[in-house]
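# Residue-level structure breakdown
Listed here are the chains, written in short residue letters.
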Amino acid sequence: MAAVYLATLLVILAEHASSKEELKYMGCYNMSLVGKRLDGQPKLVQCLDLCRESGNELAAYRTPHFCHCVQKMFKFPAEDDKECSFPCQEDNTKSCGGARTISLYSKTYTNQTHSDLRTEHASNKKKLKYVGCYNMGLVGKRLEGQPKLVQCLDLCRESGNELAAYRTPHFCHCVHKMFEFPAEDDKKCSFRCQEDNTKSCGGARTISLYEYSETYTNDLNAVSHHGSNIIPLILFIGVVTFFISISVLIISLAFCRSRRELRIEHQQLSLS
């Protein structure tokens, strides 16, 4: 019986640990960001498999057979998804590049790892915090590309800066620490952000300063704390299961021994 319980537990854990791979769309990017395509005529899934075999987690793909392996995520802002209007041959519900663009894909899993859960949870909980309106003369040259506000903040965080100075349409400058100069009147940052017209994104001679709110950091810590308790819990369940199995085995052996002794005693009484 103990063996049955243990086998059932192992099956449940194995099913939970196993994951079904799925394609994950990462964005639409300019074709100039990638180099020569791989030889052959791979389809999207084959392209991703080839890239993973060579140690690359991402694949840049364009219908019909353009496949290029990408080692890590582009730091350049993505194009509008409408620019990747070519449907994939094996699945026309997915986009596979465009006239001058490629679609970036990776493989994800239905049963997510703690790292995936942490990333997804964090991205869903990111909240922009408006810091203030400042004179444009306080910042230097803007970043290249045409990032939107959230992309601008992400780029700045990747480079170790917690703040982003932004002005519609695409002025993005990373700020390492808070300005010591006083802020301008918020009315001077009258330009609306493109992706959210309820937020201000600079003005004629001003920039709006943004950061991610504390809830973003706290949510990350909460997920990290929750994930750190998973491994001890699994170990505890394993140890408890082991001792239960041993205890059941000892009881079973003792019961069998007792029955055998009773049988022998009964036979001796019958003979006498």
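Described below are features of the structure shown in this document. (Residues numbered from 1 in each chain as written. Predicted model: local features only at pLDDT ≥ 70, side-chain atom pairs only at ≥ 80, totals over all residues. Heavy atoms only, no water.)

### Here we look at the sheet that holds strand β7 (residues 171-175)
Selection criterion: Strands are treated as partners if at least two bridges between them are detected by DSSP. Helix and strand definitions follow DSSP, with helices as H or I runs of at least four residues and strands as E runs of at least two, each counted in order from the N terminus. All axes are obtained by fitting lines to C-alpha atoms, using only the stretch in contact for helices, and the reported angles, taken between N-to-C directions, cover 0 to 180 degrees.
With respect to topology, 4 strands assemble into an open sheet ordered β5-β8-β6-β7, the strand pairing being antiparallel. Looking at the sheet topology across the chains shown, the edges are occupied by β5 (128-135) and β7. Averaged over all pairs of adjacent strands, the angle between strand axes in this sheet comes to 30 degrees, irrespective of strand direction. The pairing of strand β6 (residues 163-167) with strand β8 (residues 206-212) spans 3 bridges and is antiparallel. Looking at the pairing, Tyr166 lines up with Ser208 of β8.

### Considerations on the state of the cysteines
Inclusion rule: Two cysteine sulfurs form what is called a disulfide whenever their separation falls within 2.5 Å. Partly exposed describes any residue whose relative accessible area lies between the buried limit of under 20% and the exposed limit of over 50%, with all areas from a 1.4 Å probe on protein chains only and scaled to the type maximum.
For the coordinates displayed, the defined rule picks out 8 disulfides. Each sulfur in the disulfide pair Cys47 and Cys67 lies 2.1 Å from the other. What sets the handedness of the Cys47 and Cys67 disulfide is the S-S torsion sign, and at about 85 degrees it is right-handed. A residue pair is termed long-range when its members are at least 10 positions apart, and Cys47 in helix α2 (residues 44-53) and Cys67 in strand β3 (residues 66-70) qualify at 20 residues. Of the two residues examined, Cys47 and Cys67, each falls in the buried class.

### Overview of the pattern of salt bridges
To keep it simple, the criterion reads: The term salt bridge refers to a side-chain nitrogen of Lys or Arg lying within 4 Å of a carboxyl oxygen of Asp or Glu.
Considering all chains together, one arrives at 7 salt bridges under this definition. Close ionic contact of Lys129 with Glu211 constitutes a salt bridge, the shortest N to O distance being 3.7 Å. Of this pair, Lys129 sits in strand β5 while Glu211 sits in strand β8, and the two are 82 residues apart along the sequence. Overall, the relative accessible area of 38% leaves Lys129 in the partly exposed class. Look at Glu211 and you get partly exposed, because its relative accessible area is 21%. Between Glu261 and Arg257 there is a salt bridge, with its nearest N and O atoms 3.5 Å apart. Here Arg257 and Glu261 lie together in helix α6 (residues 230-271), a separation of 4 residues that amounts to about one turn. According to the relative accessible area criterion, Arg257 is exposed, its value standing at 59%.

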